[in-house]
Amino acid sequence: MGFMKLSQAEQASGQLAPETLEQAVNQVRLNGFVVLENALPIELVDALNADFLQTFTDLQKTNAAKTEVNTSLFRKNRIRMDLPFRGRFIHPQVITNPFALPIVERILGEDCRMFYFSVDAPMPGSDYQTVHGDYAPFYPDSELILPITGLVVNYPLVNVTEQNGPLEAWPNTHLTPEKFYTGQYVQTAAQHLTPVRMLTPKGAVIIRDVRMWHRGTPNVSNEIRPNMALIYGRSRWDGAFYPQDSLGITQQTFAGLPERAKKLFRFEKLIG
């Protein structure tokens, strides 16, 4: 359920077959997520991982608080770090991935935007997180189940195994009524539901509804497991729930983006 492999023809053409697109969209709408293997070139993933490790090392020396490691129990031995909007991090294969973006557009509309650009990474010694969704209800007193408002696109930068702290997710929980989307209800209900572990090879992409319950699991390996997190939303949603106020895009960087990427970031306040 939810795990798909791109065909050789799709990889060669850089385009999803119509039936693959339809199936992937249905997986997200019905189950809350889809995983596509072979969505990113392995050499790009390896380069992104090296760039992340260097960025993290540099930030630990200059402004460690921005890595959020050990800033709370939720972040014990876990990194949540905004990525610099430059270099390979903003490669077209990343921000406008030809396999992920058509799925995002079909669900959120072609006028969708991106407002979050970060990385989450369990370090050796991390433990279970509390079960949560990346979402705050719009109508917390109602029994409404709203259409999908935002999608997280995750790029794991290493092979994800049972040992290095895979993401654990609860399918179908994106369909929880708004009034039950509270911390205590989620914690209690999750104990009686069966999660899925996102064990993925390098090159995979995970596309998930922001509402779907999930948690990080213990990393018992001796390496960091970085996971890029990009969030796309409907055009009128400003993503106010999220901690990142600005992506830090300079005017020069924005001018050099492909037209499709410029549309994704058209609401950003440019700097410089």
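Cut-offs and rules
- Residues numbered from 1 in each chain as written.
- Predicted model: local features only at pLDDT ≥ 70, side-chain atom pairs only at ≥ 80, totals over all residues.
- Heavy atoms only, no water.
- Helix = DSSP H or I, 4+ residues; strand = E, 2+ residues; numbered from the N terminus.
- Rg over C-alpha atoms; globule rule 2.2 N^0.38 Å.
- Buried < 20%, exposed > 50% of the residue type's maximum accessible area, 1.4 Å probe, protein only.
- Contact = heavy atoms within 4.5 Å.
- Areas by Shrake-Rupley, 256 points an atom, 1.4 Å probe, with all protein chains shown as cover.
- Lys, Arg positive; Asp, Glu negative; His and termini not counted.
- Charge placed at Lys NZ, Arg CZ, Asp CG, Glu CD.
- Expected span 1.5 Å × (residues − 1).
- Pairing = 2+ DSSP bridges.
- Salt bridge = Lys/Arg side-chain N within 4 Å of Asp/Glu carboxyl O.
- Axes fitted to C-alpha atoms, helices over the stretch in contact; angles between N-to-C directions.
- Core = buried A, V, L, I, M, F, W, Y, C linked by side-chain atoms within 4.5 Å.

Describing the overall build of the protein
The helix and strand inventory of the protein stands at eight helices and ten strands. Over its C-alpha trace the protein gives a radius of gyration of 18 Å, about what one expects of a compact globule, namely 19 Å for 272 residues. For the protein, with 272 residues in total, the buried portion stands at 54%. A fraction of 85% describes how many contacts in the protein between residues 6 or more apart in sequence connect residues 24 or more apart. Surface exposure of the protein reaches about 12,500 Å², of which carbon and sulfur atoms provide 52%. In the protein, 26 positive and 27 negative side-chain charges are present, and the distance between their average locations comes to 3 Å.

Re helix α3 (residues 42-62)
With 21 residues, α3 extends 30 Å from end C-alpha to end C-alpha; this agrees with the ideal 30 Å at 1.5 Å per step. Within α3, the full set of buried residues consists of L44, V45, A47, L48, N49, D51, F52, T55, F56 and L59. Residues of α3 that are buried sit in contact with β3 (78-82), α4 (92-95), β4 (113-122), β5 (150-156) and β10 (227-233).

Overview of the pairing of β3
With four of five residues buried, β3 is to be regarded as a mostly interior element. Across five bridges, the pairing between β3 and β4 is antiparallel. Paired with R80 across the two strands is D120, which belongs to β4.

Section: the pattern of salt bridges
Per the counting criterion, the structure on display carries 15 salt bridges. Of the charged contacts, one joins R208 and D134 as a salt bridge, the two residues approaching to 3.2 Å between their closest N and O atoms. One end of the pair, R208, is in strand β8 (residues 205-209); the other, D134, is in the loop between β4 and β5, and 74 residues separate them in sequence. Judged by its relative accessible area of 16%, D134 is buried. Among the ionic contacts, a cluster of salt bridges with common partners joins E68, R75, R80, D82 and D120.

Remarks on the sheet that holds β10
Pairing within the open sheet is mixed, and its seven strands lie in the order β1-β2-β8-β5-β10-β4-β3. Of all strands in the sheet, those bounded by a partner on one side alone are β1 (3-5) and β3. When the angles between neighbouring strand axes are averaged without regard to direction, this sheet yields 20 degrees. Two elements, β5 and β10, share seven bridges in a ladder whose sense is antiparallel. Pairing of G150 across the sheet is with G233, part of β10. In the packing of α3 onto the sheet, contacts are made with β3, β4, β5 and β10, and the angle to β3 comes to roughly 95 degrees.

A short note on the nonpolar core
Counting residues in each nonpolar core, the largest one holds 56 residues, and the members touching the most others are I95, I103, F117, Y155, M228, L230 and F265. Apart from the residues lying within four places of it in its own chain, the contact partners of M228 are L48, L83, F89, V94, F117, S118, V119, V153, N154, Y155 and L157. Membership of the second largest hydrophobic core comes to 17 residues, among which are Y135, V152, A190 and W237.

Description of the environment of T67
Considering the arrangement of structural elements, one finds T67 in the loop between α3 and β3. Along the backbone, T67 and D120 are 53 residues apart, and their C-alpha atoms lie at a distance of 9.5 Å.

A closer look at the environment of L40
Relative to the helices and strands, L40 resides in the loop between β2 (33-37) and α3. Put simply, L40 and F115 are 75 residues apart on the chain and 21 Å apart in space, counted from C-alpha to C-alpha. Ignoring any residue separated from it by four or fewer positions in sequence, one finds L40 in contact with V45, Q93, N97, Y155 and G203.

Describing the pairing of β10
Along any regular strand, the residues point their side chains to alternate faces of the sheet. Judged by how many residues are buried, β10 sits mostly within the fold: seven of seven residues are covered. Side chains N227, A229, I231 and G233 of β10 all project onto a buried face; the interleaved residues M228, L230 and Y232 project onto the opposite face, where all are buried too. One ladder, built from seven bridges, connects β4 with β10; its direction is antiparallel. Looking across to β10, one finds that D120 is bridged to N227.

Focus: the sheet that holds strand β7 (residues 196-197)
Read from one edge of the open sheet, three strands run β7-β6-β9, paired in antiparallel fashion. Where the open sheet ends on each side, the last strands, each with one partner, are β7 and β9 (214-216). With three bridges connecting them, strand β6 (residues 167-169) and β9 associate as antiparallel partners. Bridge pairing in β9 links E168 to R215.

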